[in-house]
Structure formats: C-alpha cells, structure tokens
Amino acid sequence: MTETPDLEQNPIIAKIRAWRPEAVAGLISFRGELTVVVYREHLLPLAEFMISDAELAFTYLSDVTAVDRFPIEPRFELNYHLLSLSRRETIRLRVRFPGDDPVIPSVVPVWPTANWHEREIFDLFGIRFEGHPNLRRMLLPDDWEGFPLRKDYPVEGPR
C-alpha cells in the first residue's frame, strides 16, 4: 500500500488517527482519491465516528462494492464509498477479510442506504453482514445454490 507523509497531513486521516490509530491498516492515494484500509473489527466504530463527527460529516454512503481475490488471501475486500455533502469531499474505506470467515458487521445502522448494497453482496458473493435487519437473497431465487460472483463458482452454473 502506498503510505506517504503527505497522506498523514490530510486532516481526515489525522482526525481518524487521533480517534483510534489502531483502526487504520494502511492508506492509499490513487489519482486524487483517498482510501483508508481498515481492520474489520474497527469498521462499524469508524463508520459511527465518521458520520457523527461534525468536522468529518460523511453522512452519505453512495456505494459498497465487493471484490473476490481468490485464490489470494485475504480473499474478500469491501469498499465503502463515502461523501461529505457539507464539505464536498469523498473517501473510500476498504476492509479485507479471509475466505474462510466471510462475515463483517453491517453498517445499515449508520448508513441506511447500505441495506440493499449489503443484500446484493450477500446474494452474489455470500458475504454475511452481521446485524443486518433483513439479510436474504434479492436477485436470485431463495433456493439458488452458490454465489455466482465468486471466482470459484462454476462457469456453467450450479450442478
């Protein structure tokens, strides 16, 4: 990961580090976009901090995306795209976790827009969101076997 002294001077990063330095696993800056890599156990507390802190005010979750890096571990990666409307700033939170434990806390209590994003990721990748209010399939039939966006899913479909 690219971690430079310039990123450490960023006021958002400084605020997060002052709040809980152990939450940040790394920083990435690419084409002017800032990504904070977060440990899974710190995701929900960091989300609550980022929405409640008046200076940060990341009140809008625009998207959640999933990546399957099979066969590389940690296998799964989630990217949370956040927007501070009042400051007109964006940031991405990235969380990586192993394929043998595809469970992560739900951020629906913080950003209600995560509801459908998390359900879609559950349906297609099989990642479970602990504490989600209604985690069930939304695109595929309830009796569908497997998760079609996983890289080890058979290309000819379920057997």
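Residues numbered from 1 in each chain as written. Predicted model: local features only at pLDDT ≥ 70, side-chain atom pairs only at ≥ 80, totals over all residues. Heavy atoms only, no water.

## Here's the deal with the pattern of salt bridges
Our working definition: Take a side-chain nitrogen of Lys or Arg and a carboxyl oxygen of Asp or Glu: if they are within 4 Å of each other, that pair is a salt bridge. Helix numbers and strand numbers start at the N terminus; a helix is a DSSP run of H or I with at least 4 residues, a strand a run of E with at least 2. Buried means the residue's accessible area, taken with a 1.4 Å probe over protein chains only, is under 20% of the maximum for its type, while exposed means over 50%, and partly exposed covers the values in between.
As enumerated under the stated definition, the model contains eleven salt bridges in all. For the salt bridge of arginine 75 with aspartate 152, the shortest nitrogen-to-oxygen distance reads 2.8 Å. With arginine 75 in the loop between β3 (60-68) and β4 (76-84) and aspartate 152 in the segment after β7 (128-130), this residue pair connects regions lying 77 residues apart in the sequence. Relative accessible area serves as the criterion here: at 7%, arginine 75 is assigned to the buried category. Accessibility expressed as a relative area gives 41% for aspartate 152, which makes it partly exposed. Ionic contacts of the salt-bridge type, sharing partners, join the residues Arg69, Glu77, Arg94 and Arg96 into one network.

## Quick notes on the packing of helix α2 (residues 11-19) against helix α3 (residues 43-52)
Applicable threshold: Structural elements are reduced to axes, namely lines fitted to C-alpha atoms, with helices fitted over the stretch in contact, and the angle between N-to-C directions of any two is expressed from 0 to 180 degrees. When an angle is under 35 degrees it counts as roughly parallel; over 145 it counts as roughly antiparallel; between 65 and 115 it counts as roughly perpendicular; any other value is oblique. Crossings are sorted by hand: turned counterclockwise from the far helix by less than a right angle, the near helix makes the crossing left-handed, and turned clockwise it makes it right-handed. Between two residues, a contact is recorded if the distance between any of their heavy atoms is within 4.5 Å. In the scheme used here, Gly and all other residues not listed as nonpolar or charged are polar, with Ala, Val, Leu, Ile, Met, Phe, Trp, Tyr, Cys and Pro taken as nonpolar and Asp, Glu, Lys and Arg as charged.
Running from N to C, α2 and α3 cross one another at 125°; their axes reach a closest spacing of 11 Å. Looking at the two axes, α2 sits oblique to α3. Regarding α2 and α3, the two cross each other, and that crossing is right-handed. Contacts from Lys15, Ile16 and Trp19 in α2 reach Pro45, Leu46, Phe49 and Met50 in α3. Taken together, the residues of the contact of α2 with α3 break down into six nonpolar, no polar and one charged.

## A closer look at the environment of alanine 57
Its place among the elements puts alanine 57 in the loop between α3 and β3. On the accessibility criterion, alanine 57 (11% relative accessible area) is buried. For the pair formed by alanine 57 and proline 105, sequence separation is 48 residues and the distance between their alpha carbons is 21 Å. The contact partners of alanine 57, leaving out residues within four places of it in the chain, are Met50, Ile51, Leu83, Ser84, Leu85 and Ser86.

## Focus: the packing of aromatic side chains
What counts is decided by this rule: When the centres of two rings from Phe, Tyr and Trp lie within 6.5 Å, Trp using its six-membered ring, the rings pair. Their planes under 30 degrees apart give stacked, over 60 give edge-to-face, and anything left gives tilted. Two conditions define a charge located above a ring, namely a distance within 6 Å from the ring centre to NZ of Lys or CZ of Arg, and an angle within 35 degrees of the ring normal.
Within the structure shown, the criterion is met by three aromatic pairs. Aromatic pair tryptophan 19 and phenylalanine 49: ring centres 4.8 Å apart, planes at 10°, arrangement stacked. With tryptophan 19 in helix α2 and phenylalanine 49 in helix α3, this residue pair connects regions lying 30 residues apart in the sequence. Given the relative accessible area of 12%, phenylalanine 49 is considered buried. It is arginine 119 that lies over the ring of tryptophan 116; its NZ or CZ is 5.5 Å from the centre.

## Looking at the side chain of arginine 40
In plain terms, the rule: Polar contact criterion, stated in full: a pair of N or O atoms within 3.5 Å, where within protein one must be able to donate a hydrogen and the other to accept it, and residues adjacent in sequence count only if both atoms are side-chain atoms.
Within the secondary structure layout, arginine 40 lies in the loop between β2 (33-38) and α3. Polar side-chain contacts of arginine 40 include one of 2.7 Å to the backbone oxygen of valine 103. When neighbours within four sequence positions are excluded, arginine 40 is seen to be in contact with Val95, Phe97, Pro98, Asp101, Val103, Ile104 and Pro105.

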